[in-house]
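Observations on the model geometry
Given next are the chains, with one letter for each unit.
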Amino acid sequence: MSFVDLASLRIKYKSEKEIFLESSLERKEPFGVFRKWLQEACDTPEIIEPNAMCLATATKDAVPSARFVLLKDVTEEGFTFFTNYESRKAAELAENANVALAFYWLPLRRSVRIEGSSGAYFAQIGALASPQSQPIPNREYLDKKEKAIKEELGPDKVVPLPNWGGYLVRPRTIEFWQGQTNRLHDRIRFRKELKDGESVDGTLLHQGEDGWVYERLAP
């Protein structure tokens with residue numbers, strides 16, 4: 001069976017007229033940039049789920065795993081998503097708070113990478129019915145359990161707060177990537193912390209707003 005030549009797969013990125021420059025930053029902090037990019041993704045019909053993001057977690061022994069979840073809120077504190085507290089990701093978050101998020105909006109040729117730490121901080125019938133990531137005999141098991149929960153709760157369907165809730169990812173770094181056709185991709189990274197002996201020189205490292213510094217990275 002023949003297989004596609006992966007090395008030959010390429011798409012056209014942004015033109016030289018659409019370079020992502022520091023001068024295009026309306027504010028020198030990442031949340032304003034993120035909201036603007038997210039809104040443009042929401043306004044792009046080809047992007048079905050603009051709030052879909054890859055969440056990477058790791059065990060205490062640094063064994064990583066990744067999966068897609070939905071961003072539910074973004075504030076100056078960080079990025080919020082919801083999950084089952086009995087899931088694998090929740091177990092890993094409990095023993096290792098370091099996480100990474102990644103958004104990729106292909107039609108816009110843009111990506112955002114976020115690294116930080118998470119903390120738990122509403123429940124749904126589907127969450128009550130599903131022992132997430134645990135082996136179950138079949139699909140009928142979930143349907144029967146959901147029906148039983150609905151009957152137990154009654155017509156008002158007031159759902160208790162059991163094993164489903166939110167996590168807030170507080171970012172340390174947020175990197176904005178925009179693809180360029182000449183492969184000189186634009187990368188601007190915001191971060192909170194300075195390395196030992198590092199200073200804001202206005203050439204390689206620039207002072208931002210709200211405690212952030214930012215820099216351009218080579219593609």
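First things first, this report covers the structure right here in the doc.

The rules behind these values
- Residues numbered from 1 in each chain as written.
- Predicted model: local features only at pLDDT ≥ 70, side-chain atom pairs only at ≥ 80, totals over all residues.
- Heavy atoms only, no water.
- Salt bridge = Lys/Arg side-chain N within 4 Å of Asp/Glu carboxyl O.
- Helix = DSSP H or I, 4+ residues; strand = E, 2+ residues; numbered from the N terminus.
- Pairing = 2+ DSSP bridges.
- Phe/Tyr/Trp six-rings, centres within 6.5 Å; stacked < 30°, edge-to-face > 60°.
- Buried < 20%, exposed > 50% of the residue type's maximum accessible area, 1.4 Å probe, protein only.
- Polar contact = N/O pair within 3.5 Å; in protein donor to acceptor, adjacent residues only side chain to side chain.
- Contact = heavy atoms within 4.5 Å.

What follows deals with the pattern of salt bridges. Proximity of charged atoms lets side chains of opposite charge pair with each other. Taken as a whole, this structure holds 15 salt bridges when the rule is applied. As a salt-bridge pair, Arg67 and Glu92 come within 3.8 Å of each other at their nearest N and O atoms. Residue Arg67 is located in strand β2 (residues 64-70), and its partner Glu92 is located in helix α2 (residues 88-95); the two are separated by 25 residues in the primary sequence. One salt bridge in this structure joins Glu77 and Arg170, with 3.4 Å as the shortest N-O distance.

What follows concerns the pairing of strand β10 (residues 213-216). Both strand β8 (residues 186-191) and β10 contribute to a ladder of four bridges, which runs antiparallel. Looking at β10, one finds that Phe190 is bridged to Tyr214. Where strand β9 (residues 206-207) and β10 come together, two bridges link them in antiparallel fashion. Bridge assignment links Gln207 to a residue of β10, and that residue is Val213. The turn linking β9 back onto β10 is made up of five residues, and Asp210 within it adopts a positive phi angle of 60 degrees.

Let us look at the packing of aromatic side chains. Under the criterion given, the structure shown has eleven aromatic pairs. For the pair Phe103 and Trp105, a centre-to-centre distance of 5.6 Å together with 40 degrees between the ring planes defines the contact as tilted. Per residue, the accessibility class of Phe103 equals that of Trp105, and both read buried. Ring centres of Phe190 and Tyr214 lie 5.5 Å apart, and the angle between their planes is 35 degrees; this geometry places the pair in the tilted category. Of the two residues, Phe190 is situated in strand β8 and Tyr214 in strand β10; the sequence distance between them amounts to 24 residues. When its relative accessible area of 0% is taken as the criterion, Phe190 is described as buried. For Tyr214, a relative accessible area of 7% translates into the label buried. An aromatic cluster of at least three residues, connected via ring pairs, comprises Phe31, Phe34, Phe79, Phe103, Trp105 and Trp212.

By the criterion of burial, β8 is predominantly enclosed, with five of the six residues buried. Taken together, the six bridges between strand β7 (residues 164-178) and β8 define a ladder with antiparallel strand orientation. Within β8, the residue paired with Glu175 across the bridge is Arg189.

Before going further, it helps to examine the side chain of Arg187. One can find Arg187 in strand β8. Judged by relative accessible area, Arg187 falls into the buried class, the value being 18%. Only 3.0 Å separates the side chain of Arg187 from the backbone oxygen of Ala218, close enough to count as a polar contact. In this structure Arg187 touches Arg113, Glu175, Phe176, Trp177, Glu215, Arg216, Leu217, Ala218 and Pro219, once residues within four positions along its chain are discounted.

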